[in-house]
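# Structural overview
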Amino acid sequence: MKAFDQIAVFGCKATTLFLLNNLDIPWKIRHLITISPEAGQKHEVADYADLKQIASDKGIRVYQARYYSLKHPDDQAYIRSLNLDIAFVIGWQRLIPEEVLSGLSVGAFGMHGSSMNLPLGRGRSPMNWSIIEGRRSFYTNLFR
């Protein structure tokens, strides 16, 4: 089995915390890309979780992005410097820029809930919109 040395998690929510506590893979998560509590409040991130301490306790290096969009040159330069193999994007309410994705040797794996299969149902608060629209089903989409 090939070893993947540089694995990161992108996230800032309770679902990210769940992943950090429960992901069972044979490789170590080395990096967490997240945002500060102030950025979480500014962007009204539902179910925001400050993951800095738990990640540090697990020996995971933490980077708090300047921009939630990851479009700041400092953010992109830092992420490029990590030479990432794999990224798990769980609990990140923004699209990851192509400049970041293209630097991954394997790719990014994301999760998004919706009452429809993607790309339908993209956007924020999919559970809320499913209820508002009277939908009877809700899917968790996992994708690369």
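Residues numbered from 1 in each chain as written. Predicted model: local features only at pLDDT ≥ 70, side-chain atom pairs only at ≥ 80, totals over all residues. Heavy atoms only, no water.

### A few points about the overall build of the protein
So the rule is basically this: Working definition: helices are DSSP H or I runs of at least four residues, strands are E runs of at least two. Numbering for both runs from the N terminus. When we talk radius of gyration, it's over C-alpha atoms, and the globule rule is simply 2.2 Å times the number of residues to the 0.38. Whether a residue is buried, partly exposed or exposed follows from its accessible area with a 1.4 Å probe, protein chains only, as a fraction of its type maximum: under 20%, in between, or over 50%, in that order. It only takes one pair of heavy atoms within 4.5 Å for two residues to be counted as in contact.
A tally of helices and strands in the protein yields six helices and six strands. Helices and strands in the protein line up, N terminus first, as β-α-β-α-α-β-α-β-α-β-α-β. Compactness check: the protein gives a C-alpha radius of gyration of 15 Å against a globular reference of 15 Å for 144 residues, within 12% of the reference. Structurally, the protein occupies a C-alpha span of about 45 × 40 × 30 Å along its principal axes. Looking at the protein residue by residue over its 144 residues, the buried ones come to 41%. Here the contacts in the protein between residues at least 6 apart in sequence split such that 61% fall between residues at least 24 apart.

### Quick word on the pairing of strand 2 (residues 31-34)
Stated formally: Strands qualify as paired when DSSP identifies two bridges or more between them. Orient the strands so they point away from the viewer; a crossover is then right-handed if the path from the first strand over the helix to the second runs clockwise.
Residues of strand 2 alternate between two faces, with H31 and I33 on one and L32 and T34 on the opposite face, all of them buried. Pairing between strand 1 (residues 7-10) and strand 2: three bridges, direction parallel. Opposite V9, over in strand 2, you have L32 as the bridge partner. Considered for its hand, the β-α-β crossover made up of strand 1, helix 1 (residues 14-22) and strand 2 is right-handed.

### Things to note about the pairing of strand 5 (residues 107-114)
With six of its eight residues buried, strand 5 lies for the most part within the structure. Note: strand 4 (residues 86-89) against strand 5, four bridges, orientation parallel. Across the sheet, residue V89 finds its bridge partner in strand 5, namely G110. Summarising the sheet, strand 5 and strand 6 (residues 139-143) pair through five bridges and their orientation is antiparallel. Paired with H112 across the bridge in strand 6 is N141.

### Looking at the packing of aromatic side chains
Counted only if it meets this: Only the six-membered ring of Trp is used, alongside the rings of Phe and Tyr, when aromatic pairs are assigned; centres must lie within 6.5 Å, and planes under 30 degrees apart are stacked while those over 60 apart are edge-to-face, with the rest tilted.
All told, the structure shown has five aromatic pairs when counted by the stated rule. Measuring from ring centre to ring centre gives 6.2 Å for F10 and W92, while their planes differ by 90 degrees; the resulting arrangement is edge-to-face. Note that F10 is positioned in strand 1 and W92 in the loop between strand 4 and helix 5 (98-101), a separation of 82 residues in sequence. Using a relative accessible area of 8% as the deciding quantity, one classes W92 as buried.

### So, the sheet that holds strand 3 (residues 61-64)
Operational definition: Note on geometry: axes are C-alpha line fits, over the in-contact stretch for helices, and angles between N-to-C directions span 0 to 180 degrees.
Strand order in this open sheet of six strands is 3-2-1-4-5-6, and the pairing throughout is mixed. Every other strand in the sheet has two partners, leaving strand 3 and strand 6 as the edge strands with one partner each. Taking the axes of each pair of neighbouring strands and ignoring which way they run, one obtains an average angle of 15 degrees across the sheet. Here strand 1 runs beside strand 4; their pairing, made up of four bridges, is parallel. Residue pairing across strands places V9 opposite F88, the latter belonging to strand 4. Of the strands in this sheet, strand 1, strand 2, strand 4 and strand 5 are in contact with helix 1, which crosses strand 1 at around 155 degrees. Across the face of the sheet, helix 4 (residues 73-81) comes into contact with strand 1, strand 2 and strand 3 while running at roughly 160 degrees to strand 3.

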